[in-house]
Each structure stands twice: as C-alpha cells, then as structure tokens.
Amino acid sequence: LSLSLQAKMSRPVQARRLEGIDKNVWVDFVKLAATYSKVNLGQGFPDFPAPDFLTEALTRALGGGNHMLHQYTRAFGHPPLVKVLAQFFEKLLGRDLDPMTNVMVTVGAYQALFCCFQALVDEGDEVIIIEPFFDCYEPMVKMAGGTPVYVPLRPNPPKDGKLMSSADWQLDPAELTSKFSERTKAIVLNSPNNPLGKVFSRGELELIAELCVKHDVLCISDEVYEWLVYDGKQHIRIASLQGMWDRTVIIGSAGKTFSATGWKVGWVVGPDRLLQHLRTVHQNSVYHCATIAQEAVAQGFQRELTLYGKPESYFVQLPKELQRKRDWLIQSLNAVGMKPIIPEGTYFLVADISPFKSDVPDVPNSDEPYDYRFVKWMVKNKGLAAIPLSAFYSEAHKNNYTNFIRFCFAKEDATLKAANDILQKWKQEKTSS
Ligand code: PMP
C-alpha cells in the first residue's frame, strides 16, 4: 500500500502552461518593502485617501436601503456602471456605444488583461510587447500559449545636458515594423506607460495603427493612467484613429482613476466582435465582480460626467496635484544626483542610479541584475523602497537596463518629504566620506 501511495505522489502536479512564469517581482519586493522600508515609493498605489464623493457613494450604497446591492448583479457589469461608462466613452471616442455589448466590467484592469489574452491569443500566436512593460503581459501571453515578441523604447539622451524626459524614449520605426509578420496576432500598447511615464505621441500611435491595419493585428490598449497626464500633454486614444476601433480593446481601472486600487474595479471598452470572446472567458472564470463596488464607481463616474472638463472634476484635479508631487520628487532626486527621467504621465518616475553605484558594489558574474541588488540594499540600509527597472524587461534585454529604478509619487506630501530627507542624508554621507 505505501509503495503505491508514494508512486502517486511523484506525479507532476504543475500544468505545463505554468512553466517559467512562477517568478513575480511584486511578491518579493512588496515583502521586502513591508519588512524594511520606512518610506515606500515602490508599488504603485496612492497613500492618500480616495476622494470623498467616492467613499460617500460606497457608504450610501451600503446603507441606502437597496439590499439588492449585496446580491449578484449582471455578470458582464452592473447595469448602472456599464451605462455610465458607455456614456463617458461615447464622449471620449466620439462614437455611439452599446453598454451591454461594448463595455464589460472586470476585477481590476488585471483581469481585463487576462480576459484579452485568453480570448484572443492562440497557441503559436505572436504578441508584440513594447519594453519596458507592465510585467504581467509576458506571463499572461505565455499562459495563453502565445509567444511574446519584444521591441524596446530606445533612449536618446538630450545633448544640451538637460534632464531626460520619457518622450526621449522612442520606438525605432524600422525595428517596430520588422516585428510585424503573419504570425502577429496582437500588440500591447500601454500609454501612458508604466514604468517610464511615456505618453505616446500622435505620430507614434499613427505608426502603430498603420502597422496593425496593414497586418490585420489587434491592439490591446492598456490605458489605466489615461487621466494622469502632465504639462498640458494630451492622452490620445488609439481606438479613435483610422481603422482602429474594430481591432482595439481599451482597458481601464477605477483603482487608478479614483485612487482606490483596493476596490479592484476595471473595465474593457471595444467592439462586440472582440468583447463577445472576452465575455466567454469572464463567464467561465470570474463570472461576476463585487456589486457594491461597481455601484459606487458608477456614481463616481456619474459625478465626473456632470463635471466633465470643469475645474471641480477629479479627473482635472488629480493630475494637477500629481504634477506638483512629480515636480517635487524630480527636484529632490536631482538635488542628490539621482538623475530622474521626467515622466509625461502616470504616477511613476524612473531615475538613473549610476551616480550612486559606488555605494553598492557590483558582483561580477552574478545572476542578479544590478538594479535588483541596488534596491534591496537601499531598502535595507536606507529604508527607502523602489522597484528595479529591469523587472519591466524581457530576460533577453534585462541586462541593458540595470542602472535605473522606478519610484511612485502618488504619495502624501509627508511621505515625499520623508523620502527627500533620506536622500539628502545619504548625499551628505557620500560627500563627507
Ligand atoms: N495595467 C497597468 C499598466 C498597471 O500599472 C496596472 C496596476 N499597476 C494594471 C494594469 C492593473 O490595474 P488594476 O489594479 O485595476 O488591476
């Protein structure tokens, strides 16, 4: 008996589709930050409160006497939420939308992405991913049986000695063109881009659109930072370009939009011909998102629809407030010599750590990228948490980008001041030693 039991237990338990995707940078670095950091500018979430109108909407939903808000709602999205999202995106895209077929609510943008890859990518399909990229695209493509094909944004440092901007990181048009083939099923676009904060220009988007149309390729457009754009820049939706609506899925997140990442409410907007397949994945996996959170987000959008473009609008106020925080972090990093790359959007900022390299010696032939070691050292020795940039690159290109780390500036002023104090003290220790 014992022999046969043992034999059974030696059978492999892991599904083949999980091979090589078990590592996740957040699991390690979130734990590290929780253990050692005094100031956490690592993971991307605000440490300031969500707006009152949103939390009040949730309180109203809880206590407002509609006990049905505690029950299941429509699987593909609570009707008030899909309706207001459709109204909102009609305005943004300048086209009529059907809330029941052109919008679906998901558990955060993360599940929206998962639905896209599962629904649209087949065994053997290639999916183009622009580097640096939000890390989950890669394992999600692989889990669907697809092959990621990477194309990097290439930095062109300004010659006048000015600070670099995320706009100085650009696609090489010939290189991008060379990645499209008959095997290409989709391209993932993330504008504004996490981690760089790059906001793709109309010209760049037009090139991507032209290639998608030419090669009949789909576009998975992750626009979770759509409202976080600075210096008067404009976020352009690729779905509004010629020939793109029918081949684009737009992904959004209430977490980013209303500074409530823990609510995990996200959505997709797109043509029914694509969304019908996302609905199949959704109904066979998650099926349903929390009703009460959807109700409150619907009310948040209702407010924003009424105040659209007005100074009281949260979508107008939040980027203003974040631009101020961005500029402050840029200034404190610059003052100590950790060269920031000015982000045009998102609440992230990438900085060049080269001037601080001498504090953390490199270990030749180590498997661990230098920026990983640097961040671990910084968290343990200085109490400041960030995320290594090479985590946002494929294995093949990681080693070219190990001199940068990413900070999140969606933080209370007190948190940013504490970070500034750490950096100043560090700088002084460097000059006195
Ligand atoms: N896409 C990008 C680019 C992100 O940065 C994030 C969150 N960090 C997500 C998607 C996931 O969003 P959510 O929290 O709504 O699942």
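Residues numbered from 1 in each chain as written. Predicted model: local features only at pLDDT ≥ 70, side-chain atom pairs only at ≥ 80, totals over all residues. Heavy atoms only, no water.

In the nomenclature of an unreviewed UniProt entry, the protein chain is known as Kynurenine--oxoglutarate transaminase 1 of Origma solitaria. In the Pathway (unreviewed entry) part of its UniProt record, the protein chain is described as follows: "Amino-acid degradation; L-kynurenine degradation; kynurenate from L-kynurenine: step 1/2." Under the UniProt heading Sequence similarities (unreviewed entry), the entry covering the protein chain gives this text: "Belongs to the class-I pyridoxal-phosphate-dependent aminotransferase family." (UniProt positions renumbered as here; feature names shortened; annotations may be inferred.)

Before going further, it helps to examine the sheet that holds strand 3 (residues 126–131). With respect to topology, seven strands assemble into an open sheet ordered 2-10-9-8-7-3-4, the strand pairing being mixed. Edge strands, defined here as strands with exactly one partner in the open sheet, are strand 2 (103–107) and strand 4 (147–152). Between one strand axis and the next, the sheet turns through 25° on average, direction left out of account. The pairing of strand 3 with strand 4 spans six bridges and is classified as parallel. Counted as the bridge partner of Ile-130 is Val-151 from strand 4. (Pairing = 2+ DSSP bridges. Helix = DSSP H or I, 4+ residues; strand = E, 2+ residues; numbered from the N terminus. Axes fitted to C-alpha atoms, helices over the stretch in contact; angles between N-to-C directions.)

What follows is about the UniProt feature "domain: Aminotransferase class I/classII large" (unreviewed entry) in the protein chain. The UniProt feature table records "domain: Aminotransferase class I/classII large" (unreviewed entry) at residues 38–419. Helix makes up 37% of residues 38–419 and strand 16%, with an end-to-end C-alpha separation of 9 Å.

This paragraph deals with the pairing of strand 12 (residues 348–352). For strand 12, a buried count of five out of five residues is recorded, marking the element as mostly surrounded by other parts of the structure. Burial along strand 12 is two-sided: Phe-348, Val-350 and Asp-352 facing one way and Leu-349 and Ala-351 facing the other are all buried. Linking strand 11 (residues 339–341) to strand 12, which pair antiparallel, is a turn of six residues; within it Thr-346 sits at a positive phi near 65°. (Buried < 20%, exposed > 50% of the residue type's maximum accessible area, 1.4 Å probe, protein only.)

With that out of the way, let us pick up helix 11 (residues 291–306). With 16 residues, helix 11 extends 23 Å between its outermost C-alpha atoms, agreeing within 8% with the 22 Å of an ideal straight helix rising 1.5 Å per residue. For helix 11, the buried fraction is high: 12 of the 16 residues fall into the buried class. Packing partners of the buried residues in helix 11 comprise helix 3 (52–63), helix 4 (79–93), strand 2, helix 9 (254–257), strand 10 (265–269) and helix 12 (314–336). (Expected span 1.5 Å × (residues − 1). Contact = heavy atoms within 4.5 Å.)

Let us now look at the site of the ligand. Around the ligand sit 13 residues in total, of which Ala-109, Asp-222, Tyr-225, Ser-253 and Lys-264 are the nearest. Backbone polar atom of Ala-109 to an oxygen atom of the ligand: 2.8 Å apart, as the coordinates give it. The leading source of residues in the shell around the ligand is helix 5 (residues 108–120), at three residues. (Near = heavy atom within 4 Å. Polar contact = N/O pair within 3.5 Å; in protein donor to acceptor, adjacent residues only side chain to side chain.)

Another point: the side chain of His-282. Residue placement: His-282 occurs in helix 10 (residues 272–283). With near-sequence residues (within four places) excluded, His-282 lies in contact with Ala-75, Phe-76, Met-104, Val-105, Gln-111, Cys-115, Tyr-287, His-288 and Cys-289.

Here we take up the packing of helix 12 against helix 14 (residues 413–432). Look at helix 12 against helix 14: their axes get within 9 Å of each other, and the N-to-C directions meet at 10°. On the basis of the axis angle, helix 12 is roughly parallel to helix 14. On helix 14, the residues touching Arg-324, Lys-325, Trp-328, Ser-332, Leu-333, Ala-335 and Val-336 of helix 12 are Asp-413, Leu-416, Lys-417, Asn-420, Leu-423, Gln-424 and Lys-427. Of the residues that constitute the contact of helix 12 with helix 14, the class distribution is six nonpolar, three polar and five charged. (Parallel < 35°, antiparallel > 145°, perpendicular 65-115°, else oblique. Nonpolar A, V, L, I, M, F, W, Y, C, P; charged D, E, K, R; others polar.)

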